[in-house]
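Below, each chain spelled out in residue letters.
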Amino acid sequence: MQQVNLGMIGGGTVGSGVFHALQLNGDLMASRIGVKVNVRKVSVKAFDEPRPYEIPKSCMSMDWQSVVADPQVHIVAELVGGTTIARTMILTALKLGKPVVTANKALLSAHGEELFAAARKHGTNLYYEASVCGGIPIIKSLREGFVGNRVTHLYGIVNGTCNYILTRMKLEGADFASVLKDAQAQGYAEAEPSLDIDGYDAQHKIGILASLAHGFWVKPQDIYVEGIRSITRTDIQFANQLGYTIKLLGIIKLVERRAARSAGATGTRRSPPARIQVSVYPTLVPNAHVLASVNHVFNAVFVRGDVVGDTLFYGRGAGKDATASAVLSDLADAALDLKFGTRHRLPPFVPYERHGAVAPINEVVSRYFVRLNVVDRPGVLAQISAILGQARIGIASMIQPEGDEGASVPLILMLHDAPNGAVTRALKKIGKLAVVKSAPVMIRVENLC
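It should be emphasised that the depicted structure is a prediction, and the values quoted were computed from it without experimental measurement.

> Where do I start with the overall build of the protein in this structure?
Looking only at helices and strands, the protein features 13 helices and 17 strands. Since a compact globule built from 449 residues should have a radius of gyration of about 22 Å, the 25 Å found for the protein is in line with a globular shape. Dimensions of the protein, computed from the C-alpha atoms along their principal axes, are close to 80 × 65 × 35 Å. Looking at the protein as a whole, 54% of its 449 residues are labelled buried. In the protein, the share of contacts with a sequence separation of at least 24, taken over all contacts with a separation of at least 6, comes to 74%. Accessible surface, the protein as shown: approximately 19600 Å² in total, 51% of it carbon and sulfur.

> So what exactly am I meant to see when it comes to the packing of helix H6 (residues 160-172) against helix H10 (residues 233-241) here?
A pair of packed helices can be characterised by two numbers: the angle between their axes and the separation between those axes. Put simply, H6 and H10 touch, their axes get as near as 9 Å, and they point 70° apart. In terms of orientation, H6 lies roughly perpendicular with respect to H10. The way H6 lies across H10 gives a crossing that is right-handed. Touching Leu166, Met169 and Lys170 of H6 are Arg233, Ile236 and Asn240, all from H10. Among the residues making up the contact of H6 with H10, the classes are represented as 3 nonpolar, 1 polar and 2 charged.

> What's the story with the side chain of Thr152 in this structure? I'm lost.
Along the chain, Thr152 falls in strand E7 (residues 151-157). We classify Thr152 as buried; its relative accessible area is 18%. In this structure the side chain of Thr152 is engaged in a polar contact, spanning 2.9 Å, whose partner is the side chain of His153. The residues touching Thr152, leaving out its near neighbours within four places in the chain, are Ile252, Lys253, Leu254, Arg304 and Asp306.

> Sorry if this is basic, but what is going on with the sheet that holds strand E1 (residues 2-9) here?
Taken in spatial order, the 6 strands make up an open sheet running E3-E2-E1-E4-E5-E6, and their pairing is parallel. Strand pairing shows two members of the sheet lacking a second neighbour, strand E3 (60-61) and strand E6 (126-127), which therefore form its edges. The pairing of E1 with strand E4 (residues 75-78) spans 4 bridges and is classified as parallel. Pairing of Gly7 across the sheet is with Val76, part of E4. On the sheet, helix H3 (residues 85-95) packs against E1, E4, strand E5 (100-102) and E6 and is oriented at approximately 155° with respect to E5.

> I would appreciate a short explanation of a nonpolar patch on the surface in the present structure.
On the surface, Val290, Leu312 and Tyr314 cluster together into a nonpolar patch covering about 260 Å² of accessible area. Counting through the fold element by element, Val290 comes out in the loop between strand E10 (274-286) and strand E11 (298-305).

> Just checking my understanding: could you explain the pattern of salt bridges for this structure?
When the charged atoms of two side chains lie near each other, side chains of opposite charge can form a pair. Considering all chains together, one arrives at 15 salt bridges under this definition. Measuring nitrogen to oxygen at the nearest pair gives 2.6 Å for the salt bridge that ties Arg229 to Asp198. Highlighted residues: Arg229 in the loop between strand E8 (224-225) and H10 and Asp198 in the loop between helix H8 (194-197) and helix H9 (200-214), separated in sequence by 31 residues. A salt bridge links Arg371 to Asp235; the shortest N-O distance between them is 2.4 Å. Taken as a pair, Arg371 in strand E14 (residues 365-375) and Asp235 in helix H10 lie far apart in primary sequence, 136 residues in all. Given the relative accessible area of 17%, Arg371 is considered buried. Linked by salt bridges that have partners in common, Lys105, Asp201 and Lys205 make up one network.

> What is the right way to read the state of the cysteines from this model?
Where two cysteines share a covalent bond between their sulfur atoms, that bond is called a disulfide. Tallied over the full model, the rule gives 0 disulfides. Left unpaired, Cys162 is separated from the closest cysteine sulfur, that of Cys133, by 13 Å.

> How should the environment of Thr283 be read in this particular structure?
Mapped onto the fold, Thr283 is located in strand E10. The buried category is assigned to Thr283, whose relative accessible area is 0%. Residues Thr283 and Leu154, 129 residues apart in the sequence, show an inter-C-alpha distance of 14 Å. Beyond its immediate stretch of four places on either side in the chain, Thr283 contacts Thr245, Ile246, Lys247, Leu249, Ile251, Ile443, Arg444, Val445 and Glu446.

> Got a minute to help me understand the side chain of Thr311 in this structure?
Note on placement: Thr311 falls in strand E12 (residues 309-316). Taking the relative accessible area as the measure of exposure, Thr311 reaches 19% and is therefore buried. Non-local contacts of Thr311, meaning those with residues more than four positions away in its chain, are made with Phe146, Val301, Phe302 and Val303.

> Help me understand empty space enclosed by the protein, please; the structure alone is not making it clear to me.
Gaps between atoms show up when a probe of the same size as a water molecule is rolled over them. This structure, assessed with the given rule, holds 1 cavity of 30 Å³ or more. Taken as a whole, the largest cavity encloses approximately 170 Å³ of empty space. Broken down by element, the residue count for the lining of the largest cavity peaks at 4 residues, all from helix H5 (residues 138-145). Here the residues of the lining of the largest cavity are counted per class, giving 5 nonpolar, 1 polar and 8 charged.

> When you look at the pairing of E14 in this model, what are you seeing that I'm missing?
Along a regular strand, successive side chains alternate from one face of the sheet to the other. Counting buried residues in E14 gives 9 out of 11 residues, a clear majority hidden from the surface. Pairing analysis gives 10 bridges linking E14 to strand E16 (residues 408-419), with the strands arranged antiparallel. When the sheet's bridge partners are listed, Tyr368 is paired in E16 with Leu415. Where E14 and strand E17 (residues 441-445) come together, 5 bridges link them in antiparallel fashion. Bridged to Val370 within E17 is Met442.

> Explain the packing of H5 against H9 to me, please; I cannot follow it from the model alone.
Where H5 meets H9, the axes come as close as 9 Å, and the angle between the chain directions of the two elements is 15°. The angle between H5 and H9 falls in the class roughly parallel. The two elements H5 and H9 cross, and the hand of that crossing is left-handed. When H5 is examined against H9, the residues Ile138, Ile139, Leu142 and Arg143 are found in contact with a partner set consisting of Ile208, Leu209 and Leu212. Within the contact of H5 with H9, the residues separate by chemical class into 6 nonpolar, no polar and 1 charged.

Reading guide: rules and limits
Residues numbered from 1 in each chain as written. Predicted model: local features only at pLDDT ≥ 70, side-chain atom pairs only at ≥ 80, totals over all residues. Heavy atoms only, no water. Helix = DSSP H or I, 4+ residues; strand = E, 2+ residues; numbered from the N terminus. Rg over C-alpha atoms; globule rule 2.2 N^0.38 Å. Buried < 20%, exposed > 50% of the residue type's maximum accessible area, 1.4 Å probe, protein only. Contact = heavy atoms within 4.5 Å. Areas by Shrake-Rupley, 256 points an atom, 1.4 Å probe, with all protein chains shown as cover. Axes fitted to C-alpha atoms, helices over the stretch in contact; angles between N-to-C directions. Parallel < 35°, antiparallel > 145°, perpendicular 65-115°, else oblique. Left-handed = near helix turned anticlockwise from the far one by under 90°. Nonpolar A, V, L, I, M, F, W, Y, C, P; charged D, E, K, R; others polar. Polar contact = N/O pair within 3.5 Å; in protein donor to acceptor, adjacent residues only side chain to side chain. Pairing = 2+ DSSP bridges. Patch = residues over 30% accessible without salt bridge, like charges linked within 9 Å, V, L, I, M, F, W, Y side chains within 5 Å. Salt bridge = Lys/Arg side-chain N within 4 Å of Asp/Glu carboxyl O. Disulfide = S-S within 2.5 Å. 1 Å grid on protein atoms, 1.4 Å probe; cavity = no way out; pocket = protein on both sides within 12 Å on 5 of 7 lines; lining within 4 Å. Points joined across faces, edges and corners; volume = space filled by probe spheres on them.

Shown next as structure tokens:
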């Protein structure tokens, strides 16, 4: 049986998980693909660093450059994370013509264009299934399984930390701060949790998925991001009363297509550029939709194709074993490509939409949940309705608990479809009313229909 040698950079949680998975199921994988993947060397920061699974000292090295440059290493796996030295590691391997497997979502988000261009220039491949949603095979599905579809909608619960916090807030009626503290104690959230709870981890992932789905590189700065710090148990309780669950969603939607333009005297027409929404923010999801029941640290990605219709991918989005499963999938692809001399299968980006653009958030149309803290007295709703009416924003429903006249009470409004910019401007005016006692809270609503 043919054998390919793997050089791994990183022997921590993910790296040792990959090493363990290969020891456990390497023979099974070899029997299926006809190629044995052999770990030749693992570059580590220290031989005695704590790791979930043991790696024999004879396999380890503290010199990543010697691992990458070893002529007997055929495939390189970058599993160290970060966007600085990891970039150098991957570019070094690609320049040597070696295929690279990575789980590094932050690096792909920041430098994906450069890395894919380097792989193409040097006649090799970059594999990245483990970069989004751990063990869920969403990259391969978008790249290969949906090759005959235009992806019109994609909704992703792609950050397990945020999903865990929001789940417990709903099930237990707990507040954000206490659940975050407990999540940190259990290891579900980092000591410095901003990457997760402010939405930036989800931004990295949803940008990669948007680039795959629509064929042009989506830059991180073009993705609108809101985290979950401002979500309160009051919001969750009222949302549930209205039949919704609050989830942090990554959203990719085809929002419009401009008129096709002539390509010249031949009369042929070019495909019009795609305009897509790419956003990350807390969202009200109908309780009847399957995404509302994705709880705790699990991830899910809902994809709608124009041919296939609705599909759902569900599973663990992080952790040493789920990530290792995705890395093994990429290693199998890389080994098969080497075996058959295949430099490229499907390109990472679909050329027909390479001229697309991300729509600014203010142009995005949705429904809205608005929570106001108002003085309970006659005429309040009339003042608020007047501002919304001037902005051509309709009220679909309203909840106002009974209170003592003159006291402050919550007022919950569900607004009809409207552009984000119009709603934001109207709420700014409403927030200046004397009867409104705190800044309005606005959460977008997705019906996913």
